[in-house]
Amino acid sequence: MRKPKSENGRVSPAQEYDTLRDELNQSKKYVFERPLAIVGVGVALLTAESVQYGTTLPALLTGLLLFNFWFTVNRLMSASRIVAYIQVVLEGDAIWRGWETSLREYRIWIKDDPKAKKQIVESELDRKAVPDALMYYPPIYQIHVAFVLLCLIAGFLLTIKQPNAINIAATVVLVLLAGIFARYCWKWKPRKMRSLIERNIVIWQHALGIKGR
């Protein structure tokens, strides 16, 4: 994340707030544009006239979708951490120490006995306060799932049509990638992602000393 600039070299809370808001907007742009670009290219390739080793295309597209899904989850986790920081620090009661310093405290807290910290977060999570800020995630999630299924169908059909060694090998790779993708989909299903901001609020409160360590 780029650091905000000021004339005297020091960063103010207002400057930090603007920088974090810019980071959130940029993250949302990436989250929306990347899957649409992949889907657009993928549809064009899958609907084009088949080539001799056509199953390699669905396998490649599934790999791209898997990477982009991981990228999307990573971006949303980062965005949730920023939103929670804004609520707890810049709009809350925590003493402002700056993003980088606070983020260091955040990482120290969650890495010290992770299992115990996970239990703390679960026990203190206010599920009634879970916001709808990440509700654009479900349609993106569904786009990824639908297109991976399309790649699987296309891959099997192309292999049945042209059962050569490369197509068969590509189908094996395709199935493996789809299995990894399914695992990530289960781990980061929309219901779990929806509570990310509220979970991060609990972590920030503990990491910055608002609640007992």
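Refer to the structure above for everything that follows.
Nothing here was measured: the structure is a model prediction, and the numbers come from that model. Residues take numbers from 1 onward in each chain, read along the sequence in its written order. Local features are withheld for residues below a pLDDT of 70 in this predicted model, meaning they are given only at 70 or higher, and side-chain atom pairs are given and counted only at 80 or more; totals for whole chains, interfaces and linings count all residues. Side-chain metrics in this entry use all non-hydrogen atoms of the structure; hydrogen atoms and water are not considered.

*Asks:* I tried to follow the overall build of the chain on my own but got confused; where do I start?
*Replies:* Where helices and strands are cited, they refer to DSSP runs of H or I of at least four residues and of E of at least two residues respectively, numbered from the N terminus. Secondary structure summary: the chain contains 8 helices and 0 strands in total. Burial analysis of the chain (213 residues in total) assigns 40% to the buried set. Only the protein chains shown count as cover for residues, and all accessible areas are computed by the Shrake-Rupley method using a 1.4 Å probe. For the chain, the accessible surface area stands at approximately 12400 Å², while carbon and sulfur atoms represent 60% of it. Relative accessibility decides the category of a residue: with a 1.4 Å probe and only protein chains considered, values under 20% of the type maximum give buried, values over 50% give exposed, and everything between is partly exposed.

*Asks:* How should the packing of aromatic side chains be read in this particular structure?
*Replies:* Any aromatic ring pair is given by two values, namely how distant the centres are and how the planes are angled relative to each other. Pairing of aromatic rings covers Phe, Tyr and the six-membered ring of Trp, with a centre-to-centre limit of 6.5 Å; geometry is then stacked below 30 degrees between planes, edge-to-face above 60, and tilted otherwise. Going through the model one piece at a time under the given rule, you end up with 8 aromatic pairs. On the numbers, 5.4 Å between centres and 65 degrees between planes, the contact of Phe-69 with Phe-181 is edge-to-face. Remark: Phe-181 occurs in helix H6 (residues 165-187) and Phe-69 occurs in helix H2 (residues 56-90); sequence separation between them is 112 residues. Judged by its relative accessible area of 2%, Phe-69 is buried. By relative accessible area, Phe-181 is classed as buried at 4%. Grouping aromatic residues by their ring pairs yields a cluster made of Phe-69, Tyr-137, Tyr-141 and Phe-181. For a Lys NZ or an Arg CZ to count as sitting over a ring, it must be within 6 Å of the ring centre and within 35 degrees of the ring normal. Between the NZ or CZ atom of Lys-117 and the centre of the ring of Trp-109, over which it lies, the distance is 4.5 Å. Over the aromatic face of Trp-186 sits the side chain of Lys-189, whose NZ or CZ is 4.2 Å from the ring centroid.

*Asks:* Please clarify how a positive patch on the surface should be interpreted in this entry.
*Replies:* Residues forming no salt bridge and having over 30% relative accessible area are the ones grouped into patches, like charges within 9 Å of each other and nonpolar side chains (Val, Leu, Ile, Met, Phe, Trp, Tyr) within 5 Å. Salt bridges, as used here, are contacts in which a Lys or Arg side-chain nitrogen is within 4 Å of a carboxyl oxygen on Asp or Glu. His is not counted here, nor are the chain ends, while Lys and Arg score as positive and Asp and Glu score as negative. A charged residue contributes its charge at one atom only: NZ of Lys, CZ of Arg, CG of Asp or CD of Glu. Taken together, the side chains of Lys-118, Arg-183, Lys-187 and Lys-192 present a region of like positive charge at the surface. By relative accessible area, which is 57% here, Lys-118 ends up exposed.

*Asks:* Would you explain the packing of H2 against helix H8 (residues 196-207) in this entry?
*Replies:* In helix packing, the relevant descriptors are the interaxial angle and the interaxial distance, both defined with respect to the helix axes. In contact at an axis separation of 8 Å, H2 and H8 are set at 55 degrees when each is read in the N-to-C sense. When the interaxial angle is binned, H2 and H8 end up oblique. The hand of the H2/H8 crossing is right-handed. Residues Leu-76, Met-77, Ser-80, Arg-81, Val-83, Ala-84, Tyr-85, Gln-87 and Val-88 of H2 lie in contact with H8, whose contacting residues are Leu-196, Ile-197, Asn-200, Ile-201, Trp-204 and Gln-205. Where helices are involved, their axes are fitted lines through C-alpha atoms of the stretch in contact, as for all axes, and angles between N-to-C directions lie from 0 to 180°. Under this scheme an angle from 65 to 115 degrees is roughly perpendicular, one under 35 degrees roughly parallel, and one over 145 degrees roughly antiparallel; angles in between are oblique. Throughout, a crossing is termed right-handed when the near helix is turned clockwise from the far one, and left-handed when it is turned anticlockwise from it by less than a right angle. Contacts are assigned to residue pairs that have any heavy atoms within 4.5 Å of one another.

*Asks:* Looking at this structure, I do not really get the side chain of Asn-68. What am I missing?
*Replies:* Note on placement: Asn-68 falls in helix H2. The residues contacting Asn-68, other than those within four sequence positions of it, are Arg-34, Pro-35, Ile-38 and His-144.

*Asks:* Would you take a moment to explain the pattern of salt bridges for this structure?
*Replies:* Between side chains of opposite charge, a pair can form as their charged atoms come close. For the structure shown, the criterion picks out 3 salt bridges. Glu-105 is paired through a salt bridge with Arg-104; the nearest N and O atoms lie 3.9 Å apart.

*Asks:* In this structure, what is going on with a nonpolar patch on the surface? I would like to understand it.
*Replies:* Taken together, the side chains of Phe-67, Trp-70, Ile-180 and Tyr-184 define a hydrophobic patch exposed on the protein surface, amounting to about 390 Å² of accessible area. Counting only elements with at least two residues in the nonpolar patch, the list comes to H2 and H6. Residue Trp-70 is classed as partly exposed on the basis of its relative accessible area, which comes to 43%.

*Asks:* Looking at this model, I keep getting lost on the nonpolar core. Mind explaining?
*Replies:* It is characteristic of soluble globular proteins that their nonpolar side chains tend to be buried jointly. For this analysis, a nonpolar core means a set of buried residues of the types Ala, Val, Leu, Ile, Met, Phe, Trp, Tyr and Cys, connected via side-chain atoms within 4.5 Å. Phe-69, Tyr-137 and Met-193 are the most contacted members of the largest nonpolar core, which totals 25 residues. Contributing elements (two or more residues each) for this core: helix H1 (13-46), H2, helix H5 (137-161) and H6. Apart from the residues lying within four places of it in its own chain, the contact partners of Phe-69 are Tyr-137, Tyr-141, His-144, Phe-181, Tyr-184, Cys-185 and Trp-188. Counting residues in each nonpolar core, the second largest holds 23 residues, with Leu-20, Val-88, Val-202 and Ile-203 among its members.

Spatial relationships are all this shows, so hold off on functional conclusions.
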